[in-house]
Amino acid sequence: MELLIRLAGAAGQGIQSLGEILARAFFRSGLYLHAELSYHSRIRGGENAFTLRVSDKPVFATRRDVDLLVVLTAEMWKAYQKKLREGAWVVAEESLGIEGPRVLSLPAQKLAREKLKLPIAMGVILLGAAAKLLGLPEEKVAQAIQEVFGEKAESNLQALSLGYEHGSPPVWDLPGPQFGPGERMLLTGGQAVGAGAIAAGCKFLAAYPMTPGTPVMEFLAQRSERFGIVVEQAEDEIAAINMALGAAYGGARAMVTTSGGGFALMVEGLSLAGMIETPVVIHLGQRPGPATGLPTRTSQENLLFALYAGHGEFPRFLCAPRDQESAFYCTIRAFELAEKYQVPSILLTDQYLVDSYAVIPPLDPQRIPLRSHVLSPEELGKLPTYERFALTPSGVSPRALPGLSPHLVLVDSDEHDSYGRITEDLEIRKAMVEKRLKKEEGLREEVEGPVVYPEGHPRGKTVVLGWGSTFGALREAVEEVNSRGGDFVLVHFQDLWPQKWGEIADLLGPAQRLITVENNAWGQLGKLLAQETGLIPHQHIARYDGRPFVPEELVEALTHEA
Amino acid sequence: MKPEEYLADVEIHWCPGCGNFQIREALVRALAALDLPPHRVVLVTGIGQAAKIVHYLRVNGFNGLHGRTIAAAAGLKMVRPDLVVIAESGDGDLYGEGGNHLIHNIRRNLDITVIAHDNRVYGLTKGQASPTAPAGYTTRAQPFGVLSRPLNPLALALALGAGFVAQAFSGEVERTAQILAAAIRHRGFALVNVLHPCPSWNRVQTFAWYKERIRAVGEEHDPTDFAKAMRLALSDQEVIPVGIFYAVEEPTFEERHPVIRRGPPALQAFPAAEDLRSLLREFL
């Protein structure tokens, strides 16, 4: 069973809240769902569409065509009237004049104005009619309204009742609950990153607001007092990363959150993190560029940028979570690995993952154990001298925090000796370069290889390569094509750098064909693969219109390939 | 502690006759007067000749990027209010490349001390005009003379509401030491603009030039009088006042911040498993 629902209106009509209410109502009914928000970069008007996919099985991708369209404006009717499945229903505001056998037209605007004296309630009235049609009990939706609106719920509950009153009897027969209360979680990728940061012991976040990095900042800010986190809106992204490095030097697990343009401003600071071997986590939510690009849309255009950003050579951990669940665990790993190897970690998400909801198994805050990677005052007390950049076999020097013992802690963006003192001794320079790069060897042992789906060696088969948030759509597409006689294998990367490229060459070398599928034009994973293994993908399925991949389009593209 | 105990035993790479030597001497006297243990002090510097001071002192050091001195110091102070944080660099670093951080950290009013070495030129890159260079000043990079008006850091700081604004001259080590001690003691953001000659590059504002113009702020000056402080900051360049122009304490960022108020955020334990489980219950 699967049901696709789209709520479409203008910015300012509360589409996001309506979507969240509907998502919660299904979640409270024990059904799986994935919900995707698509919007124009404006506060009023334009496009706002919330696409909800409900299923009796876990789902991790959105779709193009829907079974039920709830439409609030003529503009959105024009945009979405062709994206309907066979037998689809439309719930529409009456004044739009939409007619048809499966169209439920409601004078929602009039009801909202006359009965409630609240024009904005039009959306909830239409939602009520839609929910009735869907077979959702009114009390489930009412509960969801209370969860989303809290004290402001009263007028919305009245609007909901009006919607149910004017609606038609259910046309769908929803399945019973697939999970009980407390057995699953509903959250967005942005919330998952935020919760992961808190679970990782993040104590400092600085950011300059930028879509889609901002939700992480707001998530932490709203819980900062409870978890003792300093969340500061910086004057610019350059300040943000340098503040984070100052805080990390002082011993706080520190983070910044931004998008491509902001990250570009942070790049010199990223290089500083490499030089002073100070951990920092950078959440980079991708959106289409170059420059300001499409501010509220999605992309995977920053893989190579994130990998190579920063002058000079230094190790980093680069990870692109595949879904909401792994976004939580990847964030904790990003903090732990940054601390352990004293390197910057970059968490590469995108607007699609950050804004999309999914139903996932309960997150376990203790799955990835936290360890302190700094010297305790007792350990420091036993040291006769302290060298912040002591040469060690692993390249990782014991890290002290300033002010906790009489030992002084000196870090320098210039090349430095083991005490952190500026030097132009070229023998020391050589040793320090080697020390910094040595850390990557340890880090490489801790990364995860790609997921291979279905399991097994892809020898002689066509391999579909992807990374990050495309996992859900790609897995479904491969499943579907294979169920019709295809023989594709999905190889999907989450950890992107470092990586055991020798093993990956062994895995992919014997494949018959390699196809990259990425939300970019260049095929950036393909370029990376070619550089590291010599394997050149035969084909790149690109999407760079700012929208996420959907399984049905991928099925078409792959079928064409096969 | 004695002043010399704060000095690092290293070779110094400043030019002979550079005012930086006197500023260093004044700073160690100030630290000694305040009896601050070296490990409780963090000197955050940027890049430039002045910023090298971090290597010539025996305190903790964060020698970051050019222009980002105050940003790094601010981040550090927010999570380690237990440390004495001093941001020190040159006029190019603090007023040019890092101007935005100066502006916004005055607004924050963290308890940090900013010491600006102001010689009106770029030393490390060989003599280009700095933001405080007078209009008309010619260099190899400014052959028609500087066309912009000079930045007035003291008037800027006052206008933005800085609680401690002072000017010093490197040639007066003891007075500079006293001003620096007062600035470090001041609870809140403090800016000390320390004028100093650059014998290698600045042929106009020489030691003798300053000597003729420097006038100490009189005993009668009331450092809580904003209007008078602003008049001092806007003084004609023929008379250059030194001393504490303005000193008024207001609640700091740390004191107003509900998280920082509870103690150094960086030194708190990992979140308890029960608290994390309760956080994740939001999603159930």
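Everything that follows concerns the structure shown earlier in this document.
In short, a report on the structure. (Residues numbered from 1 in each chain as written. Chains lettered and ligands numbered in written order. Predicted model: local features only at pLDDT ≥ 70, side-chain atom pairs only at ≥ 80, totals over all residues.)

### Considerations on the overall build of chain B
Secondary structure assignment for chain B yields 10 helices and 8 strands. For chain B, the C-alpha radius of gyration of 20 Å lies close to 19 Å, the compact-globule estimate for 284 residues. Here the C-alpha coordinates of chain B stretch approximately 70 × 45 × 40 Å along the principal axes. Each of the 284 residues in chain B was classed as buried or not, and the buried ones make up 53%. Within chain B, contacts between residues at least 6 apart in sequence are counted, and of these 70% link residues at least 24 apart. (Helix = DSSP H or I, 4+ residues; strand = E, 2+ residues; numbered from the N terminus. Rg over C-alpha atoms; globule rule 2.2 N^0.38 Å. Buried ≥ 20, exposed ≤ 12 C-beta atoms within 10 Å, placed from the backbone. Contact = placed C-beta atoms within 7 Å.)

### Points about the pairing of strand 2 (residues 32-39) of chain A
Residue and element names in this part refer to chain A. Of all 8 residues in strand 2, 8 are buried; the element is thus mostly enclosed. Every second residue of strand 2 is oriented toward a common face, with Y32, H34, E36 and S38 on one face and L33, A35, L37 and Y39 on the other, all of them buried. In this structure, strand 2 lies alongside strand 3 (residues 45-55), joined through 8 bridges in antiparallel fashion. Paired with L33 across the two strands is V54, which belongs to strand 3. Hairpin connection from strand 2 to strand 3: 5 residues lie between these consecutive antiparallel strands. Looking at chain direction, strand 2 and strand 14 (residues 357-360) are connected through 2 bridges and run antiparallel. Directly across from A35, in strand 14, lies its bridge partner Y357. (Pairing = 2+ DSSP bridges.)

### Looking at the sheet that holds strand 3 (residues 84-90) of chain B
Strand order in this open sheet of 9 strands is 15(A)-2(B)-1(B)-3(B)-4(B)-6(B)-5(B)-8(B)-7(B), and the pairing throughout is mixed. Edge positions in the open sheet fall to strand 15 (410-412) of chain A together with strand 7 (214-216) of chain B, since each of these has one partner strand only. Going from strand to strand, the sheet's axes swing by 20 degrees on average, the running direction of each strand aside. Pairing of strand 5 (residues 164-169) of chain B with strand 8 (residues 240-247) of chain B involves 4 bridges; the strand directions are antiparallel. From the neighbouring strand, B:F164 faces strand 8 of chain B, where its bridge partner is B:A247. Taken strand by strand, helix 8 (residues 226-233) of chain B contacts strand 5 and strand 8 of chain B, and its axis lies near 150 degrees from that of strand 8 of chain B. (Axes fitted to C-alpha atoms, helices over the stretch in contact; angles between N-to-C directions.)

### Topic: the sheet that holds strand 17 (residues 462-467) of chain A
Residue and element names in this part refer to chain A. What the 5 strands build is an open sheet, ordered 16-18-17-20-21; its pairing is mixed. If you trace the sheet from one side to the other, it starts and ends with strand 16 (451-453) and strand 21 (539-542), each paired once. Sheet twist, expressed as the average angle between the axes of neighbouring strands with direction ignored, equals 20 degrees.

### As for helix 4 (residues 122-134) of chain A
Residue and element names in this part refer to chain A. For helix 4, with 13 residues, the first-to-last C-alpha span of 18 Å sits near the 18 Å given by 1.5 Å per residue. With 13 of its 13 residues buried, helix 4 lies for the most part within the structure. Downstream of helix 4 by one or two residues, G135 has phi in the positive range, about 85 degrees. (Expected span 1.5 Å × (residues − 1).)

### Remarks on the pairing of strand 5 (residues 84-93) of chain A
For a regular strand, side chains alternate in direction, first toward one face of the sheet and then toward the other. All names here are of chain A. For strand 4 (residues 66-71) and strand 5, the ladder comprises 5 bridges, and the chain directions are parallel. Bridge assignment links V70 to a residue of strand 5, and that residue is V91. Regarding topology, helix 2 (residues 74-80) serves as the crossover connection from strand 4 to the parallel strand 5, and that connection is right-handed. Where strand 5 meets strand 6 (residues 103-106), 4 bridges bridge the pair, whose relative direction is parallel. Along strand 6, the bridge assignment pairs E93 with L106. (Right-handed = clockwise from strand over helix to strand, strands pointing away.)

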